[in-house]
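The residues making up each chain are set out below.
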Amino acid sequence: MSQAIHQLRRQLETLAPSQTYGLKHGQVGFGVSEIDAHLGGGLGLAMLHETYAAETADMASSSGFAASFMQRIAGRDRRKKRPVVWIRQTMSESETGRLYPHGLAGLGFDPANLIFVRVRQPIHFLSAGLEAVRCTSLAGVIIEAWGAPKELDLTATRRLALAAEKSGVTPFLLRAATDEQPSAAFTRWQVASAPSRALEANAPGHPTFDITLLRNKAGTHGQSWRVEWHHDLGQFQLSKPEWNRVQSVRPRLGKPAPGKPLSGRVVSVPARQPVAASGSPTASPFKRTG
Amino acid sequence: MAVSREAMALGLTPGLTLADARARVPGLVAMDRDRTADRAWLELMADFCDRYTPLVALDEPGGVLLDITGCAHLFGGERALQDDLQARCIKAGMDVRTAIAATPDTARAIARFTIGKTQAIIPTGQEAETVATLPIAALGIDRDIDLALNHAGLATIGDLAARPRTPLAARFGTGLITKLARVLGEEDISIVPRRPLPPCTVERRFGEPIGRQEDVLATIEHLIEQAARMLEKRGEGGKSFEASLFRTDGAVRRLRVETSLPTRAGKPIMRLFRERIDTLADPLDPGFGYDLLRLSVGACAPFQQAQTSLDGHEMADEDVAALIDQLGTRYGKQAVLRFVGAQTHIPERAAYEVPAKDYPDHRLTHTQSIAMPDLEWAAPEPGEPPNLPVHMFEHPQRIEALAEIPDGPPLKFRWRRVLHEVARAEGPQRIAPEWWRSEDAGLTRDYYRVEDTKGRRFWVFREGLYSRETEHPGWFVHGLFA
């Protein structure tokens, strides 16, 4: 049932043409009216956009955010999905792991639609990115940069932006482990992981991001939103603050019956060493391991 | 012992022992034999001989066999070809002896064992008389047989040929008789070429050597057009293109590009060649110029002219294929990848990378063997968050965790020296090892999706079940969620 509704929704979305606001190639919004209104419709297609992972540990979120948004861009053409090229440096891979296609599929991003390029040198991801952006048959290009390589300067990003404008391909530049650098990006976002809305039994919920508009050539910047990505709807949703109350994380414990000693024992033991066989009375079944 | 021209003039002969030679010529300079260098030089020679015919075989030690059937007229006849070859070799400072004959064995015997002459052409039918005076060693047989025949008073091939063959075969084996028949020109064999014969080859020779890169590229482009016409007649396209640049001094440089779809369109191939030249680790060195350019097209396959549909979809596929080829040429085929799913529960094996260039073929075989290609990348149920991480570590990273026993999620854990307090958790998702694969397939893993207080989501697992498999299971971070 819900599957059918979900499909209908997708169909509806593809039937309604994306609105253009005087931009040559149109725009793609977040699906969140508040943000889209602020951006005057959404992110401009065929323009360079940048995301900064707030901290290195937020790189997965930054990837997820870009993949989710790219999925909105690639999914626009109902006749045939155009491929996305994703360029990563080996350096990023050793820091945050490899791109896992099943995980991308979990975000609604079809890995069969992805061409993945792995390069070693910063100069290479730039030239590969430029080459890909020039290929008119792509939906978008995600370029991940680690740190602030000197090759990735204002001129290089301007080159990317110009190539994109010419070809209609939307490039995303993902940056991490660096402060803000000068660039020709049309919008710049900071992406950080945010606590998700818990599901049943306090399970982690949908991917949730704190996004901050750091720069916006077409308007004001500095705004922040907390958004959730819903892969089944294919759109973002604003996250409400009350959703994010952190519950206590001991669902399985419950209160001990009064008067009875707790079962188990609480001992902090160094990893890989046996627990001393002491029948400590105050105990809970936790154990330090690993 | 091998000897140089100068040594020969002093009366030394090949095969002499070093001590004897030293005794005769006290100031002798002797060097150890370097088989690798000899081999490398011979390979260079063979490369150089590629200019005459694509069928070249090594004949060690120190020999090269060329099958020039149907090639000689390109050089103005056998004599002219031989002269050209000889002249080039002498220019390069080599002493060579050449012979042209109807069978490779005859030519080999004459080139190696004729004394005095450095050049010979044996007309068909005169093999037997020509080789008659050569020593029996010219047959290329074992030293023992050679010695035995000599002891029997048979010194030349002529002596041997005059004998009835049956007793010879009975005494020395049929190998000797076969060799004899081949050297006498009674039996012909074809040589085994060093490089496989490409299905389509075009070449261009220059009276004046060319050296400028632009000229080289223009010639390659011209050759591609020529090859395309040949391919068009056969209804085929090529997937690998190799340009061989023959330098006047004999060095040969080969440039090779590959495409993911069979093609015969000049422009994309040219772009790949330009790319290849730009990314060469050692740039093209024309030296005194190239006097022969050859283009070989390999891996030919039926080529269908893409019908450009109204919406231009076919064009789009070609565009993407061209991009893949270009990036592949520049960074290597292993750098441009696509993902393929696999039917396994072990997360790190559930997907693998294949070069994007091979993806169409791969996909074809894959979907044929597994009847549900659409399930390859299953999205989670609507309303459910992703259950697999977007980033995964190739090798799970060990963490220190505090967790409830026996199978609770971690409460807090330390990863890369940072302490994470778990705020939400879901699990375990138990993944048993694939015991049918190997003896030590590992331990059962209990995976948990956890989120820390800052909102970062991790995929962690405990390796081993308490008390059943291990007393002290380890904890690992395996992936990061968006």
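Reading the values: the criteria
- Residues numbered from 1 in each chain as written.
- Chains lettered and ligands numbered in written order.
- Predicted model: local features only at pLDDT ≥ 70, side-chain atom pairs only at ≥ 80, totals over all residues.
- Heavy atoms only, no water.
- Buried < 20%, exposed > 50% of the residue type's maximum accessible area, 1.4 Å probe, protein only.
- Helix = DSSP H or I, 4+ residues; strand = E, 2+ residues; numbered from the N terminus.
- Pairing = 2+ DSSP bridges.
- Axes fitted to C-alpha atoms, helices over the stretch in contact; angles between N-to-C directions.
- Left-handed = near helix turned anticlockwise from the far one by under 90°.
- Contact = heavy atoms within 4.5 Å.
- Nonpolar A, V, L, I, M, F, W, Y, C, P; charged D, E, K, R; others polar.
- Arc of directions from axis to C-beta.
- Buried area = accessible area lost by both parts, 1.4 Å probe.
- Salt bridge = Lys/Arg side-chain N within 4 Å of Asp/Glu carboxyl O.
- Polar contact = N/O pair within 3.5 Å; in protein donor to acceptor, adjacent residues only side chain to side chain.
- pLDDT = per-residue confidence, 0-100.
- Core = buried A, V, L, I, M, F, W, Y, C linked by side-chain atoms within 4.5 Å.
- Phe/Tyr/Trp six-rings, centres within 6.5 Å; stacked < 30°, edge-to-face > 60°.
- 1 Å grid on protein atoms, 1.4 Å probe; cavity = no way out; pocket = protein on both sides within 12 Å on 5 of 7 lines; lining within 4 Å.
- Points joined across faces, edges and corners; volume = space filled by probe spheres on them.

Looking at the pairing of strand β11 (residues 224-230) of chain A
All names here are of chain A. Burial runs high along β11: five of the seven residues are buried. Relative to β11, strand β10 (residues 208-216) runs antiparallel, the two sharing five bridges. Among the inter-strand pairings, Ile211 is bridged to a residue of β11, identified as Trp225. With four bridges connecting them, β11 and strand β12 (residues 235-238) associate as antiparallel partners. Bridging from a neighbouring strand, Trp229 pairs with Phe236 of β12. Hairpin connection between β11 and β12: a loop of four residues separates the two successive antiparallel strands, and Gly234 in this loop has a positive phi of roughly 70 degrees.

Some details on the packing of helix α11 (residues 213-234) of chain B against helix α12 (residues 266-278) of chain B
Residues and elements named next belong to chain B. At a minimum axis distance of 10 Å, the contact between α11 and α12 shows a crossing angle of 145 degrees. Crossing hand, α11 versus α12: right-handed. Listed contacts from α12 to Gln213, Leu217, Ile220, Glu221 and Ile224 of α11 are Gly266, Ile269, Met270, Phe273, Arg274 and Ile277. When the residues that make up the contact of α11 with α12 are grouped by side-chain class, the tally is seven nonpolar, two polar and two charged.

Describing helix α10 (residues 174-183) of chain B
All names here are of chain B. Turning to α10, its buried residues number three or more, namely Leu176, Ile177, Leu180, Ala181 and Val183. Here the buried residues of α10 occupy an arc of 165 degrees about the axis, which is enough to place them on one side. Considering only its buried residues, α10 is in contact with α5 (104-113), α6 (127-131), α7 (143-151), α8 (157-162) and α9 (165-172). The positive-phi residue at the C-terminal boundary of α10 is Gly185, with phi of around 80 degrees.

Things to note about the interface of chain B and chain A
It is common to give the size of an interface as the accessible area that goes away when the parts come together. Taken together, the contacts link 76 residues of chain B with 81 residues of chain A. Both sides of the chain B and chain A interface together cover about 6,800 Å² of buried area, and 57% of this is carbon and sulfur. Taken together, chain B and chain A are joined by seven salt bridges. Glu95(A) is paired through a salt bridge with Arg416(B); the nearest N and O atoms lie 3.9 Å apart. Inspection of the region where chain B meets chain A yields 30 residue pairs in polar contact (both at pLDDT 80 or more). Within the residue set of the side of chain B that touches chain A, elements represented by two or more residues are α13 (313-331), β10 (336-341), β11 (351-355), β12 (391-404), β14 (418-431), β15 (445-452) and β17 (474-480) of chain B. For the side of chain B that touches chain A, the element with the most residues is α13(B), which contributes twelve residues. Looking at side-chain class alone, the side of chain B that touches chain A contains 44 nonpolar, nine polar and 23 charged residues.

Overview of the sheet that holds strand β6 (residues 114-119) of chain A
If you trace the eleven strands from one edge of the open sheet to the other, you get β12(A)-β11(A)-β10(A)-β9(A)-β3(A)-β8(A)-β7(A)-β4(A)-β6(A)-β10(B)-β11(B), paired in mixed fashion. Each edge of the open sheet carries a strand with a single partner, namely β12 of chain A together with β11 of chain B. The mean angle between the axes of side-by-side strands here comes to 30 degrees, regardless of whether they run parallel or antiparallel. Helix α3 (residues 59-74) of chain A rests against β3 (49-53), β4 (84-89), β7 (140-146), β8 (170-176), β9 (187-193), β10, β11 and β12 of chain A of the sheet, and its axis sits at about 175 degrees to β8(A).

A short note on the confidence of the model for chain B
When pLDDT is averaged along chain B, the result is 82; 94% of the residues meet or exceed 70. Low pLDDT (under 50) marks residues 367-374 of chain B, which in the prediction has four contacts with non-local residues, meaning those over four places away or in another chain.

Some details on the nonpolar core
Residue and element names in this part refer to chain A. Grouped together as the largest cluster of nonpolar side chains are 58 residues, with contacts concentrated most on Phe30 and Ile211. Tallying contributions element by element places α3 first for this core, with eight residues. Apart from the residues lying within four places of it in its own chain, the contact partners of Phe30 are Ile35, Asp36, Leu39, Leu43, Phe65, Phe69, Arg72, Trp189, Ile211, Gln235 and Phe236.

Let's talk about the packing of aromatic side chains
All names here are of chain A. Per the counting criterion, the structure on display carries 23 aromatic pairs over all chains. Between Trp189 and Trp225, the aromatic rings sit 6.3 Å apart at their centres with planes inclined by 45 degrees, giving tilted as the arrangement. Of this pair, Trp189 sits in strand β9 while Trp225 sits in strand β11; the two residues are 36 residues apart in sequence, bridging distant segments of the chain. Here Trp225 falls in the buried class, since its relative accessible area comes to 7%.

Some words on empty space enclosed by the protein
Summed over the entire model, instances satisfying the criterion amount to six cavities of 30 Å³ or more. Estimates place the volume of the second largest cavity at around 50 Å³. Lining the second largest cavity are Gly205(A), His206(A), Pro207(A), Pro385(B), Pro386(B), Arg449(B), Arg457(B), Phe481(B) and Ala482(B). Looking at the lining of the second largest cavity, its residues break down into five nonpolar, two polar and two charged.

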